[in-house]
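Each chain, written out:
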Amino acid sequence: MHCSPDLESFIINCKPFYSPCEFASFILVGVYIPPQANVQDAQRMLANQILCVERTNPDSLVIVSGDFNKGLRQITNYKPKAPHPINDRRLANDLNEFYCRFERQRDSPETIPHDTSQHFHPGFVAQGDFVIGGIFPIHSTQEMPDQNSTYRRPPVKCTSFYPTAFRHAQTMRLAVEEINQSTEQLPNYTLGYKIFDSCAHPLTGQRAALAVLNGVSEVDSPMCRGASPLLAVIGESGSSQSIVLSRILQPFRIPMISYFSSCACLSDRRKFPTFFRVIPSDDYQVKAIAQLLIRFNWTWVGLVRGDREYGRFAAQGLLRELKGTKVCVAYQVIIPLLYNRERILDIIQVMRISSARVVVSFLSVGEMTSFLKDYMMQNITGIQWVASESWITASVYTGSKYYPYMGGTIGFGIRKGHISRITDYLQTVNPQMYPNNPLVKELWETLYGCSPSLSSGSQLPPCSGQESLLEQHSAYMNTSSPRVAYNVYKAVYAIAHSLHNLLLCQPGSGPFQNNSCASSNNIQPWQLQYYLQEVKFNIAGEEVNFDLKGDSIPYYDIINWHRGIDKNNEFVNVGLFDGTKPAGEELVIQEDRIIWAGHQSEVPVSVCSASCHPGSRKAVRRGEPVCCFDCVPCDHGKISNQTDSIECTFCPDDFWSNQDRTACIPKKVEFLAYDSLGITLTVTSVVGACLTMAVFVVFFYHKNTAVVRVNNSELSFFILFSLTLCFLCSLVFVGEPTSWSCMLRHTAFSITFSLCLSCILGKTLVVLAAFTATRPGDNIMKWLGPKQQRFIIFSCTQVQVVTCAAWLIDAPPFPSRNTQYEHSKIILECSVGSSIAFWCVLGYIGLQACLCFVLAFLARKLPGNFNEAKFITFSMLIFCAVWLAFIPAYISSPGNYADAVESFAILASSFGLLFCLFSPKCYIILLKPEKNTKQHLMAKDKK
């Protein structure tokens, strides 16, 4: 860097990776001369700096540029060049001079020594009124030079001749010849072309791009000359090469049409404004592949991609499409840019041990071919390959050796077309027709393994060069279903139609400034680009046009690899993907025509976890993709009626899950029905009522006997009547609850038992009064006469009646459906309505029973052979024991069992009262009639 009042300058030495081999580096000298500077001193200082740079860097290209403020008019050995038009006026005023070295020197070739073998020559050239370029990967590999060279870098050596790309180049030549012979397309004009080899690498592709911008060869065209006569370029094949080519052509506004670059990144009009293509963008291909994976339920897949833009952007697009679907990527492996066998074996091992049986591949033909060599050596079979359009229809894979390992491969191929003259045209390309063309010589060496020339350096056996091209040379002669070649064909015709439309422009109605048209004698590439953007034509029944991003109509054939009659691979069309169709209708597949991996007819399974059947749900494993899960059965009361359900759904309140948890069925309704338990209680109730009525008959028949009369026959009949009602009221607890039965259950039970206990209470009082009257004429009995006894019974029962009436009015019992105790059933029961009223009723019965028990217990030792107080005591003990046991049993028993417990308590207490109170009397009446006398009953017990 130099800084003085007369001159400010800096020097930058650059060595780009993509640079012509004639220059070791590029040296930029930036200059600023202030307006008040001494011009002579500035010129002297700048000349010394440039001389020093030239001495130390003799093989570098030196460029001097800057703001000279008109103070410097010339530099020794440097010629001023017109600056490129700049839209920014301020920038244009600042960079007002541009000087380039080697201008005069390049006019004298001997001035700069060079090796002509290092120069880039086109493979094919044809003169014409309008020239287009073609760049094809005619060689598929290259030997990279040493990048550490100090001065001139040696050239890249291209190897592995690729006949398929050579066929694509010949397709371009055929299309140009057809257009030149046509009377409808470009009449009175001809197309010319220059075709270069990119060697399938960005470095040589960049060099080819620079060469195609100049003359026939790099030597013929001086550097730093004006605009190129080139109007458009057809190429490149790989996306990485197309990115480099587009960036080189962009400053010259030269449009390019790629026939095989599908990277979605090239759709960015800000970065690639002059890029067009006749192949769909990978955005559509990854969408198609995602739909294919979902269609066949391949939820666990591997992904193999290359380490270039094509593989990187395609993989990103596929992962974006799969987001939110049920498809997961088990692994993603990258084939290194520089093939490394150790790394490839590691990748193959990953594929071998993975449970993913479907693998998606985004590789170029060269990358895939190199990978398959080691893949087949490792004898990997059983993997279903899903191929991208880059290699699914490559002719190199038609050999029979690939089928055991790759048979059944399915993928998306470029749309097949038809080129009528292609077969005959390819037959004309031979060493005899082109004796000096090294590419044709390499074609013959590759196809026949012989050298058609007499070169002493060749190690191959000689041949005539007139051999016939046969069908077995499929890499070159496979013209039955052209796909990539058809894209080249369409690209040439797209340029021709655009040129044709440009030349038809009428002055005054043109698309450019002031409605002007392009001059046929000086057509600018950017003018042709305008018509390319608008072109629309049909070829072989197919419509060709470009959208605003330069992309073509998204259409793919679905290709499946079958075994042919000769055991070679056949590429069979089994469907299509039409991106113009509505969502969900793009993919059309003939599944019955597909042969899967391993020559199977059934769709292969590739899942991390087997599908969860209906009745279960997916439970994702912690730390693993969502496609890896466990199947958990649905809980009780939940169902899933679909495969791979994420959640189980609750059944409605009145429904429950079936045994398989696949459907909701009505819940089983339970109540104390007339089943075994209900019938048993019913029979017991009827038997108890019948026994009570039998006792009533016995007592009524022997009502005048001493036992009946001494025991107050009227109260006995009341007790028997109430006991009959007690037995019968348990029948109300059997059967489906209704509003009436629920109200009747507790009220009838409480009133009848209250009546029974009131009668027993009255009898106890009478017994106690009778045996405690110690003085003659004691009037205690007059207070317990029949009327008073009836009053006691009525008043005690009336309390219960009033309580029940209040209960029924305020909150009566009602039928309810209990679903809480056992969720799988609906238990029909009677809700008590008011718990307070229910327990008040039971409490009142308990109070009556306790009072009877206390009074009877006090009278248990009174004299007499038949002291009824003893039996009342026993009956109350049984009654209280039953109902004390009833409380916890009732509370803990659900539904029909609660009803059964209450019914059992009624029956047990009723039988206890019946047997304790009346069995001794019946025993005397029926079996010991001699004791049925007043004297015997009133006699004291003998000790």
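Conventions and cut-offs
Position labels on residues start from 1 in each chain and follow its written sequence. pLDDT decides what is reported in this predicted model: residues at 70 or higher carry local features, side-chain atom pairs at 80 or more are listed and counted, and totals for whole chains, interfaces and linings draw on all residues regardless. The side-chain figures draw on all heavy atoms in the structure; neither hydrogens nor water molecules are used. Nonpolar cores are built from buried Ala, Val, Leu, Ile, Met, Phe, Trp, Tyr and Cys residues. Side-chain atoms within 4.5 Å join them into one set. Burial here depends on accessible area, computed with a 1.4 Å probe over protein chains only, as a share of the maximum for the residue type. Under 20% is buried, over 50% is exposed, and the range in between is partly exposed. Starting at the N terminus, helices and strands are each numbered in turn, a helix being any DSSP run of H or I of at least four residues and a strand any DSSP run of E of at least two. Pairs of residues are marked as contacts when any of their non-hydrogen atoms sit within 4.5 Å. A patch consists of residues whose relative accessible area exceeds 30% and which take part in no salt bridge; residues with like charges are grouped when within 9 Å of each other, and nonpolar side chains (Val, Leu, Ile, Met, Phe, Trp, Tyr) when within 5 Å. Note that accessible areas follow from Shrake-Rupley with a 1.4 Å probe, and for residues the cover is restricted to the protein chains shown. In what follows, salt bridge is the name for a side-chain nitrogen of Lys or Arg lying within 4 Å of a carboxyl oxygen of Asp or Glu. When two rings of Phe, Tyr or Trp (its six-membered ring) have centres within 6.5 Å they constitute a pair, described as stacked for plane angles under 30 degrees, edge-to-face for angles over 60, and tilted for the intermediate range. At least two bridges found by DSSP between two strands are what make those strands a pair. Helix axes use the C-alpha atoms of the stretch in contact, all axes being lines fitted to C-alpha atoms, and the angles between their N-to-C directions lie in the range 0 to 180 degrees. Comment on the angle field: the value is read as roughly parallel under 35 degrees, roughly antiparallel over 145, roughly perpendicular from 65 to 115, and oblique elsewhere. Charged residues are taken to be Asp, Glu, Lys and Arg, nonpolar residues to be Ala, Val, Leu, Ile, Met, Phe, Trp, Tyr, Cys and Pro, and polar residues to be all remaining types, Gly included. Two cysteine sulfurs form what is called a disulfide whenever their separation falls within 2.5 Å. The predictor rates its confidence in each residue with pLDDT, a number between 0 and 100.

S.K.: Explanation requested: the nonpolar core in the structure shown.
M.R.: General note: in soluble globular proteins, nonpolar side chains tend to be found buried as a group. Core analysis: the largest hydrophobic core is formed by 67 residues, its most contacted members being Phe136, Phe166, Met172, Ile234, Ile257 and Leu499. Top contributing element to this core by residue count: helix α15 (residues 484-503), with 13 residues. Contacts of Phe136, omitting those with residues within four sequence positions, involve Ala165, His168, Ala169, Met172, Ile195, Phe196, Asp197, Ser198, Cys199, Ile234, Tyr259 and Val488. By size, the runner-up hydrophobic cluster in this structure holds 66 residues, among which are Leu723, Phe727, Tyr844 and Tyr890.

S.K.: Help me understand a nonpolar patch on the surface, please; the structure alone is not making it clear to me.
M.R.: A contiguous nonpolar patch, built from Tyr674, Ile679, Val683, Val687, Leu691 and Phe915 and spanning about 550 Å² of accessible area, is present on the exposed surface. The dominant element in the nonpolar patch, judged by the number of residues it contributes, is helix α17 (residues 676-701), at four residues. Since its relative accessible area comes to 44%, Ile679 is described here as partly exposed.

S.K.: For this particular structure, what's the right way to read the packing of aromatic side chains?
M.R.: Two measures describe an aromatic ring pair: the distance that separates the ring centres and the angle between the ring planes. With the rule as written, the count across this model stands at 38 aromatic pairs. When the centroid spacing of 6.2 Å and the interplanar angle of 75° are considered together, the rings of Phe412 and Tyr556 count as edge-to-face. Taken together, the positions of Phe412 in strand β19 (residues 410-414) and Tyr556 in strand β22 (residues 555-563) put the pair 144 residues apart, joining distant regions of the chain. Across the pair, exposure class does not vary: Phe412 and Tyr556 are buried alike. An aromatic cluster of three or more residues is present, and its members are Phe371, Tyr375, Trp385, Trp391, Tyr397, Tyr402, Trp561 and Phe571.

S.K.: Please clarify how the pattern of salt bridges should be interpreted in this entry.
M.R.: Close approach of charged atoms allows side chains with opposite charge to pair. For the structure on display, the rule yields 17 salt bridges. For the salt bridge of Asp551 with Arg277, the shortest nitrogen-to-oxygen distance reads 2.7 Å. One end of the pair, Asp551, is in the loop between β21 (542-545) and β22; the other, Arg277, is in strand β14 (residues 275-277), with 274 residues separating them in the sequence. Between Glu542 and Lys490 there is a salt bridge, and its shortest N-O distance comes to 3.0 Å. On the criterion of sequence distance, the pair formed by Glu542 in strand β21 and Lys490 in helix α15 is long-range, its members being 52 residues apart. A single network of salt bridges, built from pairs that share partners, joins Arg621, Glu624 and Asp630.

S.K.: Please clarify how the sheet that holds strand β23 (residues 569-578) should be interpreted in this entry.
M.R.: Strand pairing within a sheet occurs via backbone hydrogen bonds; the two strands may be parallel or antiparallel. The sheet built from eight strands is open, its strands ordered β16-β15-β17-β18-β19-β22-β23-β24 with mixed pairing. A strand with exactly one partner marks an edge of an open sheet, and here the two such strands are β16 (328-335) and β24 (587-589). Averaged over neighbouring strand pairs, the angle between their axes works out to 30° when direction is ignored. The sheet strands contacting helix α7 (residues 282-295) are β15 (300-306), β17 (358-362), β18 (384-387), β19, β22, β23 and β24, and the helix crosses β17 at an angle near 175°. Across the face of the sheet, helix α10 (residues 365-377) comes into contact with β15, β16, β17 and β18 while running at roughly 170° to β18.

S.K.: Mind showing me how you'd approach the packing of helix α21 (residues 786-810) against helix α22 (residues 835-858) here?
M.R.: Between two packed helices, the angle of one axis relative to the other and the distance separating the axes together describe the packing. Between α21 and α22, the least distance of the axes is 10 Å, while the angle of their chain directions is 170°. With respect to α22, the axis of α21 lies roughly antiparallel. Taking contact as the criterion, the partners of Cys796, Val799, Gln800, Thr803, Cys804 and Trp807 in α21 are, on α22, Ala837, Phe838, Val841, Tyr844, Ile845 and Gln848. Residue composition of the contact of α21 with α22, by class: nine nonpolar, three polar and no charged.

S.K.: Could you clarify how one ought to interpret unusual backbone geometry in this entry?
M.R.: Trans peptide bonds make up most of the peptide bonds, and negative phi angles are found at most residues other than glycine. With an omega dihedral of 0°, the bond running from Gly235 to Glu236 counts as a cis peptide bond. Along the chain, Glu236 turns up in the loop between β12 (230-234) and α6 (239-249). At Cys199, a position not held by glycine, the phi torsion is positive, near 60°. Along the chain, the position of Cys199 falls in the loop between β11 (191-197) and α5 (202-212). One non-glycine residue, Asn379, lies in the positive phi region at around 55°. Relative to the helices and strands, Asn379 resides in the loop between α10 and β18.

S.K.: It is not clear to me how the environment of Cys840 should be interpreted in this structure. Could you clarify?
M.R.: With respect to the helices, strands and loops of the structure, Cys840 is situated in helix α22. Classification of Cys840 by relative accessible area gives partly exposed; the value is 41%. Linking Cys840 and Cys804, residues 36 residues apart in sequence, is a C-alpha distance of 9.5 Å.

S.K.: In this structure, what is going on with the pairing of strand β8 (residues 130-136)? I would like to understand it.
M.R.: Across a regular strand the side chains alternate sides, sitting on one face of the sheet and then on the other. With seven of its seven residues buried, β8 lies for the most part within the structure. A two-sided burial pattern is seen for β8, the buried positions comprising Phe130, Ile132, Gly134 and Phe136 on one face and Val131, Gly133 and Ile135 on the other. Where β8 meets β11, seven bridges bridge the pair, whose relative direction is parallel. When the bridges of β11 are listed, Phe130 appears paired with Leu191.

S.K.: I would appreciate a short explanation of the sheet that holds strand β33 (residues 825-831) in the present structure.
M.R.: Pairing is mixed across the open sheet formed by three strands, whose spatial order is β31-β33-β32. In this open sheet, the two edge strands, each paired with only one partner strand, are β31 (668-670) and β32 (814-818). Each strand of the sheet is rotated relative to its neighbour by a mean of 25°, with strand direction disregarded. In terms of strand pairing, β32 meets β33 through five bridges, oriented antiparallel. Across the sheet, the residue bridging to Phe814 is Ser831, located in β33.

S.K.: Whenever I open this one, the state of the cysteines confuses me. Can you help?
M.R.: Covalently bonding the sulfur atom of one cysteine to the sulfur atom of another cysteine gives a disulfide. Tallied over the entire structure, the rule returns 10 disulfides. Through a disulfide, Cys450 is tied to Cys463; the S-S separation comes to 2.1 Å. When the S-S torsion is 80°, as for the bridge of Cys450 with Cys463, the disulfide is right-handed. Residue Cys450 is located in the loop between α13 (438-448) and α14 (474-477), and its partner Cys463 is located in the loop between α13 and α14; the two are separated by 13 residues in the primary sequence.

S.K.: Any chance you could explain the environment of Tyr162 here in plain terms?
M.R.: Summarising the element assignment, Tyr162 is placed in the loop between β10 (157-161) and α4 (163-181). Not counting chain neighbours up to four residues away, the residues in contact with Tyr162 comprise Pro137, Ile138, His139, Ser140 and Val365.

S.K.: When you look at the confidence of the model for the protein chain in this model, what are you seeing that I'm missing?
M.R.: Close inspection of predicted coordinates is inappropriate for parts of the model with low pLDDT. Here the protein chain shows a mean pLDDT of 82. Residues at 70 or above account for 85%. Low pLDDT, under 50, characterises residues 82-96; the stretch is placed with 13 contacts to residues that sit more than four places away or in other chains. Per-residue pLDDT stays below 50 along residues 102-118; that stretch engages in 30 contacts with residues further than four places along the chain or on separate chains.

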